[in-house]
Amino acid sequence: MDPDYSAQDVARCDLCKTAIAQSYCDFCHVNLCKPCIGEHISADYGKHKIVPILQRKSTLIYPKCETHQPKTCEYQCKDCNIFVCTHCFASKQHKDHEFLKLKESFSEKKNHILKDREELEEHIVPIYEEIAIDLETQISNLDGEYKKLTTEISKQREEIHREIDNAINQMEVEIGEIKLKHHTILKKHLDEIKQLQSLMQQTLLALNEIEETNEVSKIINYSSKNEEFSKLPPKVHVLMPKFIPKQRNKEELCSLIGKLTPLSTTLEERVFSAKKPNTPVRELSDQPEVLNTIKTGNANLCSVTCFNEEQIWTSGMTADIKCFNIKGVLQRIIQTKSGELPNDIAVDSDGALLYSDGETRTVYKVKNDQTEEFITLQGWKPAELCVTSSGDLLVTMFSDDETQSKAVRYSGSTVTQTIQFDEEGQPLYSGNSKIKYISENRNLDICVADWGAGAVVVVNQAGKLRFRYTGHPSPTKNKPFKPRGITTDSEIRILTADRDNNCIHILDTDGQFLRYIDNCALDKPLGMCVDSNDSLFVCEYDKGNVKKIRYAK
């Protein structure tokens, strides 16, 4: 194999083309063997940068300063957004400005580029390959699918032909029956006429005999029957049946055969969700188990949330919001600002506590023991909360008259999305219930446990309805499905609390039932959350306990 073209061969000197290169000019970007280094740097010695071959392209090439040539710019002025050299620092133009080291920016940007390349190669490109393969498969299957379609139409044609033949055969039978009736009617009248004719012949014979006789009594007693015979029988009119063919209307004929649905093309939004490489799939355990029970001392426990694997926050039907470590030791207690119970709690990406207060129509943020109003509503009351993967806040809320519900996305305190109606203008959520726990799935679906509707309502990132889950038939779960808490895990599964049946339903990302968690002696499960290890934390409403459950392998 030619070493100059072998991808497996060592680097060769770009000057002599034969010797193995041990060095590299980071200024001219050429490979060099030891004998050729002197020849290469003989001219313009100062500008060359000779480094070991393994350190090639390690020397940064800084831009030239436009003001102080030939100085190079190793900094960037953030205020002016231009590259600057050391001489620029002293100029009045950049007085009190903030500067960035280009070396640090270069390194940070280079790492970002490497990550982009890795993500593109390992995640995005394979997805497009799968999409292309799927489309190619669909195209290759077109002939077979359309053959099935024409076969179905041919079967319909045969069926219609069979039904038409049967109908015409039946009509021919009816014609035979009508013909028989027609024949019977005419024969009856013919018999009556022939009987009269016979009587007339007999009368004529009798008249001939009387005419030849001279007996007075026969002549005197003669009675004429001509008047009776002159009363002609009625003429029988039997109308011949006719066949009246039905006018064939093309549209009616097509409707009789059936119809083809038009070619329909829809664009389903794809959401890119890259899985961590080499992360094993966490399958569901055959027997979920309780790892720990944390006694909060708070009866009527409603909500639990975790920021990391070490702490959980809980709230219930009091003004106390409590923080526990994973062993159940109380860390902090925060009182709501209004003194009223919080509707729900959440922790944002900075670790700050958020809670909703229906009485004040406000979502509050607690950070460094300082409580501030974060979002305040008009005409609506905030209910349940969810911090998304992007740092947005999802809030379910209900109108003051409790007839309408919706989910609203906030970026900071700015509304960026409202989810209330489906594509036909119908409400997505029931209006007669304040209880609508909310969670974002890893594929960015928005999942709402709608207690009033008895359903888990899932919409995609754009707010379009994907499905409704209304429970799973079970001989042991005899109470109506009324979901309360809801959460999702790393495998894009949906978990929702069925308080009245003391169990938890686990669904896949498309709403298909997978299994129950019903062996952990749960007592009225309500609020739930899942940590990064897919450990499930569940509130027990009456007992005031939080159970930590391992349900995945």
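Residues numbered from 1 in each chain as written. Predicted model: local features only at pLDDT ≥ 70, side-chain atom pairs only at ≥ 80, totals over all residues. Heavy atoms only, no water.

Engineer: An account of the overall build of the chain is requested, with residue identities and associated values reported.
Structural biologist: When you go through the chain residue by residue, the secondary structure sums to 7 helices and 30 strands. Across its three principal axes, the chain shows a C-alpha extent of roughly 175 × 80 × 55 Å. If you sum the accessible surface of the chain, you get close to 36100 Å²; carbon and sulfur atoms cover 51% of it. When the 71 basic and 83 acidic side-chain charges of the chain are each reduced to a single mean position, those positions are 2 Å apart. (Helix = DSSP H or I, 4+ residues; strand = E, 2+ residues; numbered from the N terminus. Areas by Shrake-Rupley, 256 points an atom, 1.4 Å probe, with all protein chains shown as cover. Lys, Arg positive; Asp, Glu negative; His and termini not counted. Charge placed at Lys NZ, Arg CZ, Asp CG, Glu CD.)

Engineer: Hey, could you go over the confidence of the model for the chain for me, with residue numbers and the actual values?
Structural biologist: For the chain, per-residue confidence averages 88 on the pLDDT scale, and residues scoring 70 or more make up 95% of the total. Here residues 1-8 is modelled with pLDDT under 50, and outside its nearest four sequence neighbours on either side it reaches 5 contacts, counting other chains as well. (pLDDT = per-residue confidence, 0-100. Contact = heavy atoms within 4.5 Å.)

Engineer: Explain the sheet that holds strand β15 (residues 370-376) to me, and be specific about the residues and the numbers.
Structural biologist: The antiparallel open sheet is built from 4 strands, whose spatial order is β12-β13-β14-β15. Each edge of the open sheet is held by one strand with a lone partner, namely β12 (344-347) and β15. The sheet shows a mean angle of 25 degrees between the axes of neighbouring strands, direction not considered. With 5 bridges connecting them, strand β13 (residues 353-357) and strand β14 (residues 362-367) associate as antiparallel partners. Within β14, the residue paired with Ser356 across the bridge is Val363. (Pairing = 2+ DSSP bridges. Axes fitted to C-alpha atoms, helices over the stretch in contact; angles between N-to-C directions.)

Engineer: Got a sec to walk through the packing of aromatic side chains? Specific residues and values, please.
Structural biologist: According to the stated counting rule, one finds 3 aromatic pairs in the structure shown. A ring pair is formed by Tyr355 and Tyr364, whose centres lie 5.1 Å apart and whose planes are at 25 degrees; its orientation type is stacked. Ring centres of Tyr469 and Phe481 lie 5.4 Å apart, and the angle between their planes is 80 degrees; on these two criteria the pair is classed as edge-to-face. Of this pair, Tyr469 sits in strand β23 (residues 465-469) while Phe481 is found in the loop between β23 and β24 (483-488), placing the two residues 12 residues apart along the sequence. (Phe/Tyr/Trp six-rings, centres within 6.5 Å; stacked < 30°, edge-to-face > 60°.)

Engineer: So what's going on with the pairing of strand β18 (residues 405-411)? Which residues, and what values?
Structural biologist: Of all 7 residues that make up β18, 6 are buried, and the element is covered over most of its length. The pairing of strand β17 (residues 393-399) with β18 spans 6 bridges and is antiparallel. Across the sheet, Thr396 pairs through a bridge with Ala407, a residue of β18. If you look at the hairpin formed by β17 and β18, you'll find 5 residues sitting between the two strands, and Glu402 has a positive phi there, around 60 degrees. Relative to strand β19 (residues 414-419), β18 runs antiparallel, the two sharing 5 bridges. Bridge pairing in β19 places Ala407 opposite Ile419. Between the end of β18 and the start of β19, which pair antiparallel, lie 2 residues, with Gly412 showing a positive phi angle near 70 degrees. (Buried < 20%, exposed > 50% of the residue type's maximum accessible area, 1.4 Å probe, protein only.)

Engineer: Quick rundown of unusual backbone geometry? Include the residues and the values.
Structural biologist: For residues other than glycine, phi is negative in most cases, and the peptide bonds are mostly trans. With an omega of 5 degrees, the peptide bond running from Gln69 to Pro70 counts as cis. Tracing the backbone through its elements, the reader meets Pro70 in the loop between β3 (50-52) and β4 (75-77). Not every positive phi belongs to a glycine, and Asp96 is a case in point at roughly 65 degrees. Mapping Asp96 onto the fold places it in the loop between α2 (86-89) and β6 (99-101). Asp96 sits in the exposed class, given a relative accessible area of 73%. Notably, Ile492 is not glycine yet its phi reads approximately 60 degrees, a positive angle. Turning to its location among the elements, Ile492 is positioned in the loop between β24 and β25 (494-498). Judged by its relative accessible area of 18%, Ile492 is buried.

Engineer: Could you give an account of a negative patch on the surface, naming the residues involved and the relevant values?
Structural biologist: Taken together, Asp116, Glu118, Glu119 and Glu122 make up a surface patch of like negative charges. Examined against the element boundaries, Glu119 turns out to sit in helix α3 (residues 102-140). (Patch = residues over 30% accessible without salt bridge, like charges linked within 9 Å, V, L, I, M, F, W, Y side chains within 5 Å. Salt bridge = Lys/Arg side-chain N within 4 Å of Asp/Glu carboxyl O.)

Engineer: Quick one: what's the story with the pairing of strand β20 (residues 436-440), residue by residue and with numbers?
Structural biologist: By the criterion of burial, β20 is predominantly enclosed, with 5 of the 5 residues buried. Across 5 bridges, β20 lies against strand β21 (residues 446-450) in antiparallel orientation. Paired with Tyr437 across the strands is Ala449, a residue of β21. Adjacent in sequence and paired antiparallel, β20 and β21 are bridged by 5 residues, among which Leu444 carries a positive phi angle near 75 degrees.

Engineer: Could you give an account of the pattern of salt bridges, naming the residues involved and the relevant values?
Structural biologist: All chains considered together, the criterion is met by 21 salt bridges. Glu402 is the salt-bridge partner of Lys434, the closest N and O atoms lying 3.3 Å from each other. One end of the pair, Lys434, is in the loop between β19 and β20; the other, Glu402, is in the loop between β17 and β18, and 32 residues separate them in sequence. A relative accessible area of 38% means that Glu402 is categorised as partly exposed. Connected via shared salt-bridge partners are Asp445, Arg466 and Asp510.

Engineer: Any chance you could break down the nonpolar core for me, citing the residues and the numbers?
Structural biologist: By size, the foremost hydrophobic cluster in this structure holds 15 residues, and its most contacted members are Leu495, Ile504, Ile517, Met528, Leu536, Val538 and Tyr551. The leading source of residues in this core is strand β30 (residues 545-552), at 3 residues. Those residues in contact with Ile504 that sit more than four places away from it in its chain are Leu495, Thr496, Ala497, Arg515, Tyr516, Ile517, Leu522, Met528, Leu536 and Val538. (Core = buried A, V, L, I, M, F, W, Y, C linked by side-chain atoms within 4.5 Å.)

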